[in-house]
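# Coordinate inspection notes
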Amino acid sequence: MRFTFIMAFVATAVGCGKTPPASFRLNMVQATKTAAPESGMEKPWSSWANDRQKQVATILEAMYGTPDAPVALAETGLDLAKLQLAAGPVRSDIVGRKNGLYREHCAHCHGISGDGMGPTAAFLNPYPRDYRPGKYKFKSTWRDARPARDDLTRVLHDGVPGSSMPSFALLPPAKVDALVEYVRYLSMRGETELALYTYAEQELGVDDTMPTTKEFLVDEILTPIVEKWQGAEEARIPIAAVPTTLDFTKPGDDPANHESVARGRALFHGDGGCVKCHGVTALGDGQANDYDDWNKVIVEWGKEVAGGLGASQDDAGRAAWLHAATDVIEGDALRPRPIPPRNLRLGLYRGGRRPIDLYRRLYTGINGAPMPGVGPSGPGGKGSVADAEIWHIVNYIRSLPYEFDGELGADRPMVAKDRL
Amino acid sequence: MTRLPPLSIAAVILATLFLGDIVAADEWGTIKGKFVFGGAPPSAGELKVDKDPEVCGKHKLLAEELVVGADKGIANVVVFVRDKDVKVNPEAAKAAAAKVTLDNKDCRFDPHVAFVQVGQDLVVKNSDTVGHNSNIATVKNPPSNNLIPAGGETAIKFTSDEAVPAQVTCNIHPWMKGWLVVRPNPYGAVSKADGTFEIKDVPVGEVELQFWHEKAGYLGEMTIGGKAEKASKGRKKVAVAAGGTDLGEILLAPAVFQK
């Protein structure tokens, strides 16, 4: 109550004639999903859930500030100056330097809160990345690890070809740097929020409030999140030496590469398991009805809620929760879209087309997407294809858009070469 | 349970005199019980096998989200001791040296719910003639998604426990679903086909159990020994006696699974 009062006062004091200050949106999917009622609750579910959401919002604001005035706790290692360059409305500072980069370049797709739900998002396929779970796809680190700074820089520089994510190669490095820092900030904030809901779901009783001690918020909740981000720079996957039997400077159908491409093809159809999803034709038509992790949450929870609504509900709390859940799924989430495996005959790669990019994609798979890795899942582990052999699959993949007759016969699909 | 020969009773008394409660705490008991479905056993639906039908289609796979036997025993209910600092019996601790296997077999996960301890080797293997991938959605441990070719295997170790069981899926065969319980000690069990479970060698005294089932989530309402009980977040304190503690029949109403 008091908190809202203060906020309202601040808004009227500074807000005369200006747009109201922007605010972060709570992760309503997770806030609601983790707040299933227990039977026989005394308080009505909605006011109980509301209280918990307010507690989380207050904590997050204390730890991360607002979209206009970011806070960088020392423990996060985030650089406040960079965040300030990226945050806030688009404006020029005293020396004419343009601020508010995130809202200028990114927010209409990725959303003010980094939830991937900006005003343009619903029209895009794939949807813009939701930074809040801290998951990224195109990176040089172990599958489960966070991206290193230069991974994000690279995504900003190159964009994500084949998706609507543009290249920001024209922005000066200092601005890209500020934006990378801001993406990391939004992720840490989103992960903190998620950790609070998970904690509440697993540990808090109906009548408990969220703890607000430093031990809890910093040591228990924040530190593990920050450690992951700081560990990313050292979490790179090893890169095996390129076998001498292949030559990436020559095309796949060059005799220098015949043996290697044949080996790659055998792995693609055999131990690599690639045909299961990408299809024997590699057109991406094998397993076309799966979802990535962001969409899967909505699909699975949607099923649970629909099932619950179908069954008879004599518990008032549960009925209220199910209806709130339906509203959230319809109003606070994008309609789930399946993620088809890539058509590998187009030669278009979202994570980059250099052999090293493809090597990384195959080694760890694509984090957050159904695509599994053929390398080990962590240091010292054992993969299903030996590291050096992955290069042959890369070589084969690169030959696919040009593969002429192959084993596909007369009804083979059109490949890039046909169009020349 | 087992009667001690007189000489060792004397030894225990002597030891108690000198060592006080250290020895008293070195008593262990087994917690057991049986989950029973409080209604007509539901029949499991057949799964839609639309990938690799020549291999997976042979098996007539059934949904495993709620498995109730003819005698109403409920399989795959997870029970574990929640207390973080619980003392671990040296014999029971030896279980961690063995490997736990999670097999991709007949296009399902075998076992459907696997129990593994922190630091223990989990071998994920593939006994089928088609490739599988095992997408393990752990929260505190790094999640993983490895491709496992026909006849292949991979090993994983966990460094942290998981508060709730982690789902395991195969993206190639979307009907395949399994669960992995990761605990910091040996004190957990998954109920067998007849609904019974047993947690051996728990220190005598009070422990807090947590009950979970994939379809029901935390088991908040159970009837234990004829008495209806509420268990917030599936937690319930039980007293472990030296002779063992038998919770008897734990009746779960069909409504618990209607979520």
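Residues numbered from 1 in each chain as written. Chains lettered and ligands numbered in written order. Predicted model: local features only at pLDDT ≥ 70, side-chain atom pairs only at ≥ 80, totals over all residues. Heavy atoms only, no water.

### Observations regarding the overall build of chain B
Defined as follows: The numbering of helices and of strands both runs from the N terminus, where a helix is a DSSP run of H or I of at least 4 residues and a strand a run of E of at least 2. Note on classification: 1.4 Å probe, protein chains only; a residue is buried when its accessible area is under 20% of the maximum for its type, exposed when over 50%, partly exposed between these limits. Note on definitions: a residue-residue contact is assigned when non-hydrogen atoms from the two residues lie within 4.5 Å. Throughout, the Shrake-Rupley method with a 1.4 Å probe supplies accessible areas, and for residues the shown protein chains are the sole cover considered.
Counting its regular elements, chain B contains four helices and 19 strands. Sorting the 259 residues of chain B into buried and exposed places 48% on the buried side. In chain B, the share of contacts with a sequence separation of at least 24, taken over all contacts with a separation of at least 6, comes to 69%. Working note: accessible area of chain B is about 11,900 Å², and carbon and sulfur atoms make up 57% of it.

### Quick look at the state of the cysteines
The line we're drawing: Two cysteine sulfurs form what is called a disulfide whenever their separation falls within 2.5 Å.
Tallying each qualifying case throughout the model produces one disulfide over all chains. The structure places no disulfide on Cys-109 of chain A, whose sulfur is separated from the nearest cysteine sulfur, that of Cys-106 of chain A, by 8.7 Å. Under the relative-accessibility criterion, Cys-109 of chain A is labelled buried at 15%. Between Cys-277 of chain A, a free cysteine, and Cys-170 of chain B, which holds the nearest cysteine sulfur, the sulfur-to-sulfur gap is 8.2 Å.

### Things to note about helix 9 (residues 214–231) of chain A
Residue and element names in this part refer to chain A. Note the cut-off: By definition, a residue's bend is the angle between the axes fitted to the seven residues ending there and the seven starting there.
At Leu-222, helix 9 shows its maximal bend, which comes to roughly 50 degrees, and the proline Pro-224 appears one to four places after that position. Turning to helix 9, its buried residues number three or more, namely Phe-216, Leu-217, Val-218, Ile-221, Leu-222, Ile-225, Val-226 and Trp-229. Structurally, helix 9 contributes buried residues whose contacts are with helix 3 (45–64), helix 7 (149–158) and helix 8 (173–203).

### Considerations on the domain arrangement of chain A
Residue and element names in this part refer to chain A. Note the following rule: How far each domain reaches was decided by an automatic or database domain assignment. Throughout, the accessible surface (probe 1.4 Å) given up by two parts as they are put together, summed over both, is called the buried area. For this document, the term salt bridge refers to a Lys or Arg side-chain nitrogen within 4 Å of an Asp or Glu carboxyl oxygen.
Segmentation of chain A into domains returns domain 1 (23–234) and domain 2 (255–290 + 339–411). Placing the centre of domain 1 and that of domain 2 at their C-alpha centroids yields a distance of 32 Å. Here domain 1 meets domain 2 over a buried area of about 1,700 Å², counting both sides, of which 53% is carbon and sulfur. Of all residues in domain 1, the largest losses of buried area upon contact with domain 2 belong to Lys-137, Trp-142 and Arg-143, amounting jointly to 44% of the total for that side. In this structure, Asp-357 engages Arg-154 in a salt bridge whose closest nitrogen and oxygen atoms are separated by 3.0 Å.

### Quick notes on the sheet that holds strand 6 (residues 121–126) of chain B
All names here are of chain B. Basically, it comes down to this: Strands qualify as paired when DSSP identifies two bridges or more between them. Fitted lines through C-alpha atoms serve as axes, helices being fitted only where they are in contact, and the angles separating the N-to-C directions of these axes extend from 0 to 180 degrees.
One open sheet accounts for four strands, arranged 4-3-6-9; its pairing is mixed. Only two strands of the sheet have a single partner each, and these edge strands are strand 4 (108–110) and strand 9 (153–157). Strand-to-strand twist across the sheet, computed as the mean angle between neighbouring axes with direction ignored, equals 20 degrees. Where strand 3 (residues 100–105) meets strand 6, five bridges bridge the pair, whose relative direction is parallel. Across the sheet, Asn-104 pairs through a bridge with Asn-126, a residue of strand 6.

### Considerations on the interface of chain B and chain A
Basically, it comes down to this: For this classification, the nonpolar set comprises Ala, Val, Leu, Ile, Met, Phe, Trp, Tyr, Cys and Pro, the charged set comprises Asp, Glu, Lys and Arg, and every other residue, Gly included, is treated as polar.
On the side of chain A, 37 residues touch chain B, which itself brings 31 residues to the contact. For the pairing of chain B and chain A, the buried interface totals around 2,700 Å² over both sides, and the portion due to carbon and sulfur atoms is 43%. Linking chain B with chain A are three salt bridges, by the criterion used here. Mapped onto the side of chain B that touches chain A, the elements with two or more residues apiece are strand 8 (144–148) and strand 9 of chain B. Of the residues assigned to the side of chain B that touches chain A, the class counts are ten nonpolar, eleven polar and ten charged.

### Structural notes on the sheet that holds strand 16 (residues 221–224) of chain B
All names here are of chain B. Overall, mixed pairing links the five strands, which are arranged 13-1-19-16-17 in an open sheet. Both edges of this open sheet fall to strand 13 (196–203) and strand 17 (227–230), since each of them pairs with a single strand only. Between one strand and the next, the sheet's axes are offset by a mean angle of 30 degrees, whatever the strand orientation. Relative to strand 19 (residues 245–252), strand 16 is paired through two bridges, and the arrangement is antiparallel. Paired with Thr-223 across the two strands is Leu-251, which belongs to strand 19.

### Focus: the pairing of strand 5 (residues 113–117) of chain B
Residue and element names in this part refer to chain B. The buried fraction of strand 5 amounts to five of the five residues, a majority that puts the element mostly inside the structure. Residue alternation in strand 5 divides its side chains into two sets, Val-113, Phe-115 and Gln-117 and Ala-114 and Val-116, and both sets are buried. Pairing of strand 5 with strand 11 (residues 177–183) involves five bridges; the strand directions are parallel. Bridged to Ala-114 within strand 11 is Leu-180.

### A few points about unusual backbone geometry
Note the cis peptide between Asn-125 of chain A and Pro-126 of chain A, where omega equals 0 degrees. Inspection of the secondary structure assignment puts Pro-126 of chain A in the loop between helix 6 (107–110) and helix 7. The residue after Asp-110 of chain B, namely Pro-111 of chain B, is reached through a cis peptide bond having omega 0 degrees. With phi around 55 degrees, Asp-201 of chain B is a residue other than glycine that occupies positive phi space. Inspection of the secondary structure puts Asp-201 of chain B in strand 13.

### Details of the environment of Val-297 of chain A
All names here are of chain A. Along the polypeptide, Val-297 turns up in helix 12 (residues 293–310). Sequence spacing of Val-297 and Tyr-102 is 195 residues, and the spatial spacing of their C-alpha atoms is 27 Å. Residues within four places of Val-297 in sequence aside, it is in contact with Val-29, Gln-30 and Lys-33.

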